[in-house]
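This is what each chain is made of:
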Amino acid sequence: MNHRYYLRAGSVLLPLALAACSAPAPHTDQVLGHSLTDMKNAQVINPAADRNMATVSGMPASTAKLGYDQYTKSFKAPEKNTGGFTLGLGK
């Protein structure tokens, strides 16, 4: 009984094992990885930016520092008004 079981299992598994060892189609080798490259390029504004050797044009350093200082200042607590006319509701 065991002999028949192993013979049937072998006759089913042998073709599967041989199919796993076969070479893939040549077309598959040619386009392997193209979809990943296409998806990465679709998410990048300029995929060829590393080949651009032009100098970077931007704002002067003093203007950039002023903008950054204003940005960091926006996270601080607002100053309390110690005098003057204010309108408010509630307490």
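Residues numbered from 1 in each chain as written. Predicted model: local features only at pLDDT ≥ 70, side-chain atom pairs only at ≥ 80, totals over all residues. Heavy atoms only, no water.

Student: What is the right way to look at the overall build of the chain in this model?
Tutor: Helix and strand content of the chain: 4 helices and 0 strands. When the helices and strands of the chain are placed in sequence order, the string is α-α-α-α. Evaluated residue by residue, the chain yields a buried proportion of 0% over its 91 residues. Counting only carbon and sulfur atoms, one obtains 63% of the accessible surface of the chain, whose full area is about 9500 Å². (Helix = DSSP H or I, 4+ residues; strand = E, 2+ residues; numbered from the N terminus. Buried < 20%, exposed > 50% of the residue type's maximum accessible area, 1.4 Å probe, protein only. Areas by Shrake-Rupley, 256 points an atom, 1.4 Å probe, with all protein chains shown as cover.)

Student: What's the story with a nonpolar patch on the surface in this structure? I'm lost.
Tutor: A surface patch of nonpolar side chains, about 310 Å² in accessible area, is lined by Val 12, Leu 13 and Leu 16. Looking at where Val 12 falls in the secondary structure, it is placed in helix H1 (residues 2-20). (Patch = residues over 30% accessible without salt bridge, like charges linked within 9 Å, V, L, I, M, F, W, Y side chains within 5 Å. Salt bridge = Lys/Arg side-chain N within 4 Å of Asp/Glu carboxyl O.)

Student: Would you explain the packing of aromatic side chains in this entry?
Tutor: Two measures describe an aromatic ring pair: the distance that separates the ring centres and the angle between the ring planes. Under the definition given, this model contains 2 aromatic pairs. When the ring of Tyr 5 is compared with that of Tyr 6, the centres are 5.7 Å apart and the planes differ by 65 degrees; the resulting orientation is edge-to-face. For the pair Tyr 5 and Tyr 6, a shared accessibility class is recorded, and that class is exposed. Taking the centre distance of 5.1 Å and the plane angle of 85 degrees together, the rings of Tyr 71 and Phe 75 count as edge-to-face. (Phe/Tyr/Trp six-rings, centres within 6.5 Å; stacked < 30°, edge-to-face > 60°.)

Student: It is not clear to me how the pattern of salt bridges should be interpreted in this structure. Could you clarify?
Tutor: Should the charged atoms of two oppositely charged side chains come close, the side chains can pair. This model, assessed by the stated rule, comprises 1 salt bridge. Put simply, Asp 69 and Lys 65 hold a salt bridge, and the shortest N to O gap is 3.2 Å. Residue Asp 69 and its partner Lys 65 are both found in helix H4 (residues 61-73); the two are separated by 4 residues, about one turn of the helix. Using a relative accessible area of 30% as the deciding quantity, one classes Asp 69 as partly exposed.

Student: So what exactly am I meant to see when it comes to H1 here?
Tutor: Since the α-helix turns once every 3.6 residues, residues separated by three or four places project in the same direction. Across its 19 residues, H1 extends 26 Å between first and last C-alpha, which sits within 8% of the 27 Å expected from 1.5 Å per residue. Considering bend angle alone, the principal kink of H1 is centred on Leu 13 and spans about 25 degrees; proline Pro 15 follows within four residues of it. Little of H1 sits inside the fold, with 0 of its 19 residues counted as buried. (Expected span 1.5 Å × (residues − 1). Bend = angle between axes of the 7 residues up to and from the residue.)

Student: Before we go on, may I ask you to explain the environment of Asn 52 in this structure?
Tutor: The residue Asn 52 is located in the loop between helix H3 (34-42) and H4 in this model. Asn 52 sits in the partly exposed class, given a relative accessible area of 49%.

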